[in-house]
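# Commentary on secondary and tertiary structure
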Amino acid sequence: INCFKYLPQVLMNAQRQSTEGMSHWTYVLDLGGGITSILQNVINAMLHNDLEYILANLPKMLISATAVFYDSLILFQHFVLYAADRPAHPGVQYATVPTVVT
């Protein structure tokens, strides 16, 4: 499911050479969820000194790793590859200050 969830966005960004209209917060929060999901299993395995916490939850680990990979890729596209195409502060309109000549 993760491949079908992320791959179209990655391909569309690459085709358009832009991430315009995409909210990066969706991917930042999803990345945080993927990382904490992996850390939960790793910390449990370390605390109990039992690798079974990771091996028994291998599907969860693979789904989380896939999410982390694609989220990182999309955020790389947004902040590095296509960053120059966006204004520094989207949606902000700067008011002109009248100058007083004396």
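A short tour of the structure in this document, coming up. In this text, all values refer to a predicted model and were calculated from it rather than measured experimentally.

We now examine the overall build of the protein chain. Looking only at helices and strands, one finds four helices and zero strands in the protein chain. Starting at the N terminus and ending at the C terminus, the protein chain contains elements arranged as α-α-α-α. Split into buried and exposed, the 102 residues of the protein chain put 26% on the buried side. Restricting to contacts in the protein chain with at least 6 residues of sequence separation, those with at least 24 account for 70%.

Our next topic: the nonpolar core. Core analysis: the largest hydrophobic core is formed by ten residues, namely Y6, V10, M22, Y27, L31, A67, V68, Y70, I74 and L75. Within the residue set of this core, elements represented by two or more residues are α1 (2-16), α2 (24-48) and α4 (58-81). The biggest single contributor to this core is α4, with five residues. Ignoring anything within four residues of it in the chain, the contact list for L31 reads V68, D71, S72 and L75.

Parameters and conventions
- Residues numbered from 1 in each chain as written.
- Predicted model: local features only at pLDDT ≥ 70, side-chain atom pairs only at ≥ 80, totals over all residues.
- Heavy atoms only, no water.
- Helix = DSSP H or I, 4+ residues; strand = E, 2+ residues; numbered from the N terminus.
- Buried < 20%, exposed > 50% of the residue type's maximum accessible area, 1.4 Å probe, protein only.
- Contact = heavy atoms within 4.5 Å.
- Core = buried A, V, L, I, M, F, W, Y, C linked by side-chain atoms within 4.5 Å.

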